[in-house]
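One letter stands for each residue in the lines below.
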Amino acid sequence: MYKFTSCLLRNYKNIKCFNDSHLVKRHVSKNNSKLSPAGLTVSVLFSKKYLLASNTISSGLLMFVGDLCQQELEYRQNLLDKRYDYARLTRMFIVGLALGPIHHYYYIGIAKKWPERTTKIILWKIALDQFIMSPICIACFFFGLNALEMRPFKEAVNEFKQKFYAVYTADWLIWPPTQWVNFYYVNVKYQVLYINAITMLYNVFLSYIKHVHGEEVKSEHKLSVPDNVLTTPENNKSSISS
């Protein structure tokens, strides 16, 4: 009798409802019926059940798209013989997948640890992101790609040392304002998606640093060899006879 009375008081327009679970189901189905198919898909994909998978796959796909854009630019500048290097795209996709869970657990963890959205907390999160999370992700990017390229560890270390400063400098220009918006306005379950969307543009830069910048440095180094080193045997003979 008590259950019937309380249910009737809460939902007097529908006296057929006799338990709380039915009320919840009606409420959810009513809300979902208002969503478009795209909105319903997003709601499901970013529900707690599928959030890890969604963050992981979106991270991989957006890394893939970033490199795809960079390869298109390289092709138009005659830096690539063929339009797309699918092996390279695959490696970028795999590294993106690997970074997805890292971002997922990181953002959920700091949201639970510091749920407040005050200026002090947001500045603390940005500092944590820049001084700890960012170097970790940059290292994962370079060492992960080098591992997939089957390059020696020593080469990976040298490349990381050579390119870290450029990437980390750009990181400071892009991510603090981006993360302010992220930590202050964006719902926790969408934070990785938001970061991945910004990262898609950032990934174009990362792909350039990884695949183009190093080659330019090497070519400049080769061109800077002194002329007297590039002597021919004839020149050597003439110099000796003189």
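Conventions adopted
- Residues numbered from 1 in each chain as written.
- Predicted model: local features only at pLDDT ≥ 70, side-chain atom pairs only at ≥ 80, totals over all residues.
- Heavy atoms only, no water.
- Helix = DSSP H or I, 4+ residues; strand = E, 2+ residues; numbered from the N terminus.
- Contact = heavy atoms within 4.5 Å.
- Areas by Shrake-Rupley, 256 points an atom, 1.4 Å probe, with all protein chains shown as cover.
- Salt bridge = Lys/Arg side-chain N within 4 Å of Asp/Glu carboxyl O.
- Buried < 20%, exposed > 50% of the residue type's maximum accessible area, 1.4 Å probe, protein only.
- Patch = residues over 30% accessible without salt bridge, like charges linked within 9 Å, V, L, I, M, F, W, Y side chains within 5 Å.
- Core = buried A, V, L, I, M, F, W, Y, C linked by side-chain atoms within 4.5 Å.
- Disulfide = S-S within 2.5 Å.
- UniProt positions renumbered as here; feature names shortened; annotations may be inferred.
- Axes fitted to C-alpha atoms, helices over the stretch in contact; angles between N-to-C directions.
- Parallel < 35°, antiparallel > 145°, perpendicular 65-115°, else oblique.
- Left-handed = near helix turned anticlockwise from the far one by under 90°.
- Nonpolar A, V, L, I, M, F, W, Y, C, P; charged D, E, K, R; others polar.
- Expected span 1.5 Å × (residues − 1).

Caption draft 1: Quick look at the overall build of the protein. For the protein, the helix and strand inventory stands at nine helices and zero strands. Ordering the α and β elements of the protein from the N terminus gives α-α-α-α-α-α-α-α-α. Across the protein, contacts joining residues at least 24 apart in sequence account for 66% of those joining residues at least 6 apart. As displayed, the protein has an accessible area near 15500 Å², and 66% of this comes from carbon and sulfur atoms.

Caption draft 2: Seen up close, the pattern of salt bridges. Scanning the entire structure with this criterion turns up 11 salt bridges. In this structure, E149 engages R91 in a salt bridge whose closest nitrogen and oxygen atoms are separated by 4.0 Å. In this pair, E149 is assigned in the loop between α6 (119-148) and α7 (153-185) and R91 in helix α5 (residues 86-113), connecting sequence segments 58 residues apart. Look at E149 and you get partly exposed, because its relative accessible area is 23%. Of the charged contacts in the structure, one is a salt bridge between R151 and E155, with a shortest N-O distance of 3.1 Å.

Caption draft 3: Geometry of a nonpolar patch on the surface. Nonpolar side chains collect at one region of the surface, where F131, I132, I136 and W172 lie side by side and expose about 400 Å² of accessible area between them. Sort the elements by how many residues they give to the nonpolar patch and α6 lands first, with three residues. Counting through the fold element by element, I136 comes out in helix α6. On the basis of relative accessibility, which here comes to 40%, the residue I136 falls in the partly exposed class.

Caption draft 4: How the structure looks around the nonpolar core. Counting residues in each nonpolar core, the largest one holds 26 residues, and the members touching the most others are Y107, F141, F142 and V167. Residue contributions to this core peak at nine residues, all from α6. When residues no more than four places from it in sequence are discounted, the contact partners of F141 are M63, M92, V95, L206 and K210.

Caption draft 5: Looking closely at the state of the cysteines. Per the counting criterion, the structure on display carries zero disulfides. Left unpaired, C140 is separated from the closest cysteine sulfur, that of C137, by 6.2 Å.

Caption draft 6: Region of interest: the UniProt feature "transmembrane region" (unreviewed entry) in the protein. In the numbering adopted here, UniProt assigns the feature "transmembrane region" (unreviewed entry) to residues 89-109, 121-145 and 192-209. Here residues 121-145 runs as 100% helix and 0% strand, with 34 Å between its end C-alpha atoms. Between the C-alpha atoms that bound residues 192-209 the distance is 23 Å, and the span itself is 100% helix and 0% strand.

Caption draft 7: Summary view of the packing of α6 against α7. At a minimum axis separation of 7 Å, α6 and α7 run at an interaxial angle of 150°. By the criterion of interaxial angle, the relationship of α6 to α7 is roughly antiparallel. Crossing handedness for the pair α6 and α7: right-handed. Across the contact of α6 with α7, the residue classes break down as 22 nonpolar, five polar and five charged.

Caption draft 8: Here's a closer look at helix α4 (residues 51-76). In this model α4 runs 37 Å from its N-terminal to its C-terminal C-alpha over 26 residues, within 8% of the 38 Å that 1.5 Å per residue would give. Following α4 by one or two positions, N78 has its phi on the positive side, about 60°.

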